[in-house]
Amino acid sequence: MRAAVYTAFGGPIRVKNIEKPRAKPGGVVLRVHATGVCRSDWHGWKGHDSDIVDHGLPFVPGHELSGVVSEVGDGVTSFCCGMRVAVPFILSCGVCRECARGRPTICEDQAQPGFTMLGSFAEYVAIPRAERNLCVLPDNVSFAEA
């Protein structure tokens, strides 16, 4: 698949062919239809975000996305291929103390496309914890609006 990749913090971002992700148990793969560009992406590219530093380079940014489910992992029952969805920035776990308190945006075991994992500046992106974190898009909401 094609993806925008950087191999050095602050270095060029180039479109390259990389391996297409596979759906893991509990997760899905989305074909990206829209992704935002955010100041957070710039901070990550500059090396200001420890999650990306910890992940290591090369890296694919992008954390604001919507798309279509293209592959479903074992255990996912609420989503199927072809569904239109949006993805939150914070992929919460649902079982930690903060999630139990109804505060998933400060989940103690959060994942974030474009920060803790490869992001949405690509044709496809793997999303874990699909049952918890995907939002079905109504037909009257475009991918860009989502």
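The model shown is predicted, which means the values in this text are computed figures rather than measured ones.

Reading the values: the criteria
Residues numbered from 1 in each chain as written. Predicted model: local features only at pLDDT ≥ 70, side-chain atom pairs only at ≥ 80, totals over all residues. Heavy atoms only, no water. Patch = residues over 30% accessible without salt bridge, like charges linked within 9 Å, V, L, I, M, F, W, Y side chains within 5 Å. Areas by Shrake-Rupley, 256 points an atom, 1.4 Å probe, with all protein chains shown as cover. Salt bridge = Lys/Arg side-chain N within 4 Å of Asp/Glu carboxyl O. Helix = DSSP H or I, 4+ residues; strand = E, 2+ residues; numbered from the N terminus. 1 Å grid on protein atoms, 1.4 Å probe; cavity = no way out; pocket = protein on both sides within 12 Å on 5 of 7 lines; lining within 4 Å. Points joined across faces, edges and corners; volume = space filled by probe spheres on them. Nonpolar A, V, L, I, M, F, W, Y, C, P; charged D, E, K, R; others polar. Phe/Tyr/Trp six-rings, centres within 6.5 Å; stacked < 30°, edge-to-face > 60°. Buried < 20%, exposed > 50% of the residue type's maximum accessible area, 1.4 Å probe, protein only. Contact = heavy atoms within 4.5 Å. Polar contact = N/O pair within 3.5 Å; in protein donor to acceptor, adjacent residues only side chain to side chain. Pairing = 2+ DSSP bridges.

Attention now moves to a nonpolar patch on the surface. Together, F9, V53 and L57 make up an exposed nonpolar region whose accessible area comes to about 210 Å². If you trace the backbone, L57 turns up in the loop between helix 2 (50-55) and strand 4 (65-72).

With that out of the way, let us pick up the layout of surface pockets. Over the atoms, a rolled probe matching the size of one water molecule traces out where space is still vacant. Its boundaries defined by the atoms lining it, the largest pocket holds a volume of some 330 Å³. Lining the largest pocket are 19 residues, and of these P21, R22, K24, M117 and A126 lie nearest its centre. For the lining of the largest pocket, the leading source of residues is strand 6 (residues 124-127), giving four residues. Each residue belonging to the lining of the largest pocket can be placed in one class, and the counts come to 14 nonpolar, two polar and three charged.

A separate point is the packing of aromatic side chains. The relative placement of two aromatic rings is captured by the distance of their centres and the angle of their planes. Overall, the coordinates contain three aromatic pairs when judged by the stated rule. For the ring pair Y6 and F59, a centre distance of 6.1 Å and an interplane angle of 55° mean the geometry is tilted. In this pair, Y6 is assigned in strand 1 (residues 2-6) and F59 in the loop between helix 2 and strand 4, connecting sequence segments 53 residues apart. Take Y6: its relative accessible area is 0%, and that puts it in the buried class. Taking the relative accessible area as the measure of exposure, F59 reaches 0% and is therefore buried. Judged by centre distance (5.5 Å) and plane angle (80°), the ring pair of F89 and F115 falls under edge-to-face.

In this fold, R129 is placed in the loop between strand 6 and helix 4 (130-133). You can call R129 partly exposed: its relative accessible area is 24%. Spatially, the C-alpha atoms of R129 and G56 are 22 Å apart, while their sequence positions differ by 73 residues. Contacts of R129, omitting those with residues within four sequence positions, involve G26, G27, L91, S92, C93, D109, Q110 and A111. Within polar-contact distance, the side chain of R129 engages the backbone oxygen of L91 at 2.8 Å.

Next up on the list: the side chain of S66. Counting through the fold element by element, S66 comes out in strand 4. Note on S66: relative accessible area 1%, which makes it buried. Each residue touching S66, except ones within four places of it in the same chain, is listed here: R31, V32, H33, A34, V85, A86, L137, F143 and A146.

Further remarks concern the sheet that holds strand 3 (residues 28-35). Ordered in space as 6-3-4-5-7, the five strands form an open sheet in which the pairing is antiparallel. Two strands close off the open sheet at either side, each with one partner strand: strand 6 and strand 7 (135-136). Here strand 3 runs beside strand 4; their pairing, made up of seven bridges, is antiparallel. Residue pairing for strand 4: V28 is matched across the bridge by V72.

Let's shift gears to the pairing of strand 5 (residues 84-87). Neither face of strand 5 is open: one carries R84 and A86, the other V85 and V87, and all of them are buried. As judged from the four bridges shared by strand 4 and strand 5, these two strands associate in the antiparallel manner. Within strand 5, the position partnered with S66 by the bridge is A86. Pairing of strand 5 with strand 7 involves two bridges; the strand directions are antiparallel. Residue pairing across strands places V85 opposite V136, the latter belonging to strand 7.

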